[in-house]
Amino acid sequence: MRILVTGREGQVARSLAERASGHELLFAARPEFDLSDPRSIERTIDQVRPDLVISAAAYTAVDTAEDEPELAMRINGDAPGVIGKAAAKVGAPVLHLSTDYVFDGHGEHAWTESDIPCPIGVYGKTKLAGEEALAKSGADYAIVRTAWVYSPFGANFVRTMLRLAEDRDALNVVADQYGNPTSALDIADALLAVISAWEADPSSRANEVYHFAGTGATNWADFAREIFAQSARRNGPSCKITGIPSSEYPTKAQRPANSRLDCTKFTEAFGLAAPRWEVSLAATIDRLLAG
């Protein structure tokens, strides 16, 4: 298939570049393609005329979004609708990535697709608006929500922890926020599983919301402890972690305390579940420490 991927340097885009053998991937990024400029979106999709669009790029600066709500809304809230309308004109379905931040984070249950979203910050509100805009666009689509993304690429929690441990003996890390660490490489595999299902039956499992995240939940402090345990076994950097409450690490945007995602629907639809998060983490740390 001829697949247009929004973004070029993001974690999922780079993971797709590794995993999507057998497909022709075209990456759309600034300055030619700008999610804040509807005309550039329409022009790119009309020129490329892809068989499918993967909407992977987004405004992801969660704290900065509190100061730039209009820009965040143009990119996260409005652009998916523009992408959908342009894709519908050329007959291309859209695979769109969304986030655990559409939920308020209350409780201790794993969120299902039938739970009613209730975002608590600008980032989550704009991402939910993007889901709604795509659903109304006229394109066939699948929305895949994920959480706590890391990879060997770009800026993410795993790379930050390993970098900080190079010159620190101890770190304080929040211990009262829970979620599913998710490898971007696993996300790429999940998106390709959706595409394979659509190739087999174009009407199959479309126009739905799915959750896909690493199997197993943890908190940020224990996530960091596992990073350093695995790193130490490979003679990499490590340091002591002290768990702290979120109140001791204030941020401009409130984070969901519970980001656990129930991924049963995705597994039943596409026959794929993410590995245990510790297993995927090991593969990432192997690559990072190998340089």
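Parameters at a glance
- Note that residues are indexed from 1 along each chain, following the sequence as it is written.
- The predicted origin of the model limits local features to residues at a pLDDT of at least 70 and limits the giving and counting of side-chain atom pairs to 80 or more, whereas totals for whole chains, interfaces and linings rest on all residues.
- Where side-chain values are given, they derive from all heavy atoms of the structure, hydrogens and water being excluded.
- Runs of E in the DSSP output that reach at least two residues are strands. Runs of H or I that reach at least four are helices, and both are numbered from the N terminus.
- By the convention used here, residues are in contact when the closest approach between their heavy atoms is within 4.5 Å.
- Remark: exposure states derive from per-residue accessible area (1.4 Å probe, protein chains only) relative to the maximum for the residue type, with buried under 20%, exposed over 50%, and partly exposed in between.
- N or O atoms closer than or at 3.5 Å make up a polar contact, with two conditions inside protein: a donor-capable atom paired with an acceptor-capable one, and, for residues adjacent in sequence, both atoms drawn from side chains.
- Summarising the geometry, the arc corresponds to the directions from the helix axis toward the C-beta atoms.
- A cavity here means a set of points on a 1 Å grid, drawn over the protein atoms and nothing else, where a 1.4 Å probe fits but cannot get out; a pocket is an open set with protein on both sides within 12 Å along at least five of seven lines, and a residue lines either one if it has an atom within 4 Å of a point.
- Grid points are joined across faces, edges and corners, and a volume is the space filled by probe spheres set on the points.
- Within this scheme, the nonpolar core is defined by two criteria: the residues are buried Ala, Val, Leu, Ile, Met, Phe, Trp, Tyr or Cys, and they are joined through side-chain atoms within 4.5 Å.
- Two strands are counted as paired when DSSP detects at least two bridges linking them.
- Fitted lines through C-alpha atoms give the axes, limited to the stretch in contact for helices. The angle between two N-to-C directions lies from 0 to 180 degrees.

1. Some remarks on the side chain of Gln230
1) Next: As for its position among the elements, Gln230 is in helix H7 (residues 220-233).
2) Next: Beyond its immediate chain neighbours, meaning those up to four positions away, Gln230 contacts Glu278, Leu281, Ala282 and Ile285.

2. Focus on the side chain of Asn219
1) Next: Counting through the fold element by element, Asn219 comes out in strand S11 (residues 218-219).
2) Next: Given a relative accessible area of 6%, Asn219 falls into the buried group.
3) Next: A polar atom in the side chain of Asn219 sits 3.5 Å from the side chain of Tyr178.
4) Next: From its side chain, Asn219 meets the backbone nitrogen of Asp222 in a polar contact 2.8 Å long.
5) Next: Excluding residues that lie within four positions of it along the chain, Asn219 makes contacts with Trp148, Val174, Ala175, Gln177 and Tyr178.

3. So, the environment of Asn156
1) Next: One can find Asn156 in the loop between strand S6 (149-150) and helix H5 (157-164).
2) Next: Along the sequence, Asn156 and Ala213 sit 57 residues apart, while their C-alpha atoms lie 16 Å from each other.
3) Next: If sequence neighbours within four positions are ignored, Asn156 has contacts with Gln11, Val149, Tyr150 and Ser151.
4) Next: In terms of polar contacts, Asn156 uses its side chain to reach the backbone carbonyl oxygen of Phe153, at 3.0 Å.

4. Quick look at H5
1) Next: Those residues of H5 lying buried are Phe157, Val158, Met161, Leu162 and Leu164. Looking straight down H5, one finds its buried side chains confined to an arc of 165 degrees; they lie on one side.
2) Next: The opening residue of H5 is Asn156, an N-cap whose side-chain oxygen sits 3.2 Å from the backbone nitrogen of Val158.

5. Notes on empty space enclosed by the protein
1) Next: Taken as a whole and judged by the stated rule, the model has 1 cavity of 30 Å³ or more.
2) Next: Counted as a void, the largest cavity has a volume near 40 Å³.
3) Next: What lines the largest cavity is simply Val62, Glu66, Tyr101, Ile120, Gly121, Val122, Tyr123, Gly124, Ala253 and Gln254.

6. Digging into the nonpolar core
1) Next: By size, the foremost hydrophobic cluster in this structure holds 31 residues, and its most contacted members are Leu16, Ile54, Leu95, Leu191 and Phe270.
2) Next: Of all elements in the fold, only strand S1 (2-6), helix H1 (11-19), strand S3 (52-55), strand S4 (94-99), strand S5 (141-146), helix H6 (184-200) and helix H8 (264-270) reach the threshold of two or more residues within this core.
3) Next: Per element, the largest residue contribution to this core is 11 residues, and it comes from H6.
4) Next: Grouped together as the second largest cluster of nonpolar side chains are 30 residues, Ile45, Ala87, Tyr101 and Ala139 included.

7. Topic: the sheet that holds S5
1) Next: Taken together, 6 strands build an open sheet; the order of strands is S2-S1-S3-S4-S5-S10 and the sheet is parallel. Only two strands of the sheet have a single neighbouring strand rather than two, namely strand S2 (24-28) and strand S10 (208-211). Strand-to-strand, the axes of this sheet are offset by a mean angle of 20 degrees, without reference to chain direction.
2) Next: Here 6 bridges tie S4 to S5, and the two strands are oriented parallel to one another. Following the sheet pairing, Val94 is matched in S5 by Tyr141.

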